[in-house]
Amino acid sequence: MRSASFSVALGLVLAGCSANLADVPSLKPRPIEHRPILPPDPASEPQTPVTSALEQQLAKLVGDATAGHAAFEKERSGNATVLEQARNAAEGSEAWIAGQQALSALDAARAQVRDAAGAIDTLRVDPAYAGTGDRAAIDAAAAKVAGFARDEAAAVDKVGG
């Protein structure tokens, strides 16, 4: 009895699998999904000036990043000797531990530039600043802060690697 009911159930399941597959939608990408998403054509956009509130905010953020980069450079020059001594020191030695602490302090000194970069990126997606002048000002500020971040990352990689 048990094998008969199993056979009937199996037959029903297999019958359900043989349904007409022509009615089932395909999982392939649709033609619209193959079109590239292009940015707006700058020539067709009306040119707008920079919003004064954005300009002030960007000036503050770039100023914060500049001050943070100066603090990083001061930290880097202050720890240069310790980091150089730690480069060839045995792992776990006092010089190595001092080097690890100096490297941590150097990495912590990067926070102000990272924070400014993040705040600028947040402004980039704010719809209030979608005008052409605003976008250009945000891009210029982001490029300046990104330069600081690249310099700091290269300096940490040089002494830490």
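Residues numbered from 1 in each chain as written. Predicted model: local features only at pLDDT ≥ 70, side-chain atom pairs only at ≥ 80, totals over all residues. Heavy atoms only, no water.

Concerning helix 2 (residues 52-78)
The criterion, for reference: Counting from the N terminus, the helices are DSSP H or I runs at least four residues long and the strands are E runs at least two residues long. Here a helix's expected span is defined as the number of its residues, less one, multiplied by 1.5 Å. Burial classes follow relative accessibility: with a 1.4 Å probe on protein chains only, a residue under 20% of its type's maximum area counts as buried, one over 50% as exposed, and anything between as partly exposed.
Look at helix 2: 39 Å from first C-alpha to last across 27 residues, which is about the 39 Å you get at 1.5 Å a residue. Those residues of helix 2 that fall on the buried side of the exposure criterion are Leu54, Leu58, Leu61, Val62, Ala65, Gly68, His69 and Phe72.

Some thoughts on the environment of Ala137
Threshold: Two residues qualify as a contact provided that any one of their heavy atoms is within 4.5 Å of a heavy atom in the partner residue.
One can find Ala137 in helix 6 (residues 132-160). For the pair formed by Ala137 and Thr51, sequence separation is 86 residues and the distance between their alpha carbons is 9.4 Å. For Ala137, the contacting residues outside a window of four places in its chain are Val50 and Leu58.

As for the nonpolar core
Selection rule: Nonpolar core, defined: a set of buried Ala, Val, Leu, Ile, Met, Phe, Trp, Tyr and Cys residues in which side-chain atoms within 4.5 Å join the residues together.
Residues Leu54, Leu58, Ile120, Leu123, Ile138 and Val145 are the most contacted members of the largest nonpolar core, which totals 16 residues. The set of elements that each furnish at least two residues to this core consists of helix 2, helix 5 (111-124) and helix 6. Leaving out residues up to four positions away in the same chain, Leu58 has contacts with Ile120, Leu123, Ala137, Ile138 and Ala141. With eight residues, the next largest nonpolar core counts Phe72, Leu83, Leu106 and Val156 among its residues.

Considering the side chain of Arg110
Note on placement: Arg110 falls in the loop between helix 4 (94-108) and helix 5. With a relative accessible area of 15%, Arg110 lands in the buried category. Dropping the residues within four chain positions of it, Arg110 is found in contact with Phe72, Ala149, Glu152, Ala153 and Val156.

Here's the deal with helix 4
Formally: This arc is built from the directions going out from the helix axis to the C-beta atoms.
Between its terminal C-alpha atoms helix 4 stretches 21 Å, which fits the 21 Å expected from 15 residues at 1.5 Å a residue. For helix 4, every residue scored as buried is listed here: Gly99, Ala102, Leu103 and Leu106. Angularly, the buried residues of helix 4 cover 105° about the axis, an arc narrow enough to put them on a single face. Structural note: helix 4 exposes Glu94 and Gln101 on the side pointing more than 90 degrees away from its buried face.

A few points about the packing of helix 2 against helix 5
Which entries qualify depends on this criterion: In this analysis an axis means a line fitted to C-alpha atoms, helices contributing only their contacting stretch, and an angle means the value between N-to-C directions, from 0 to 180 degrees. Any angle that is under 35 degrees is reported as roughly parallel, and any over 145 degrees as roughly antiparallel; angles of 65 to 115 degrees are reported as roughly perpendicular and all others as oblique. Handedness of each helix crossing follows the sense of rotation of the near helix against the far helix: counterclockwise by less than a right angle gives left-handed, clockwise gives right-handed. The residue classification treats Ala, Val, Leu, Ile, Met, Phe, Trp, Tyr, Cys and Pro as nonpolar and Asp, Glu, Lys and Arg as charged. All others, Gly included, are polar.
Across the interface, helix 2 lies against helix 5 with an axial gap of 8 Å and an inter-helix angle of 160°. The pairing of helix 2 with helix 5 is recorded here as roughly antiparallel in orientation. Considering only the axes of helix 2 and helix 5, their crossing is left-handed. Where helix 2 approaches helix 5, its residues Leu54, Gln57, Leu58, Leu61, Asp64, Ala65, Ala67, Gly68 and His69 are matched on the opposing element by Gln112, Val113, Ala116, Ala119, Ile120 and Leu123. Partitioned by chemical class, the residues of the contact of helix 2 with helix 5 number ten nonpolar, four polar and one charged.

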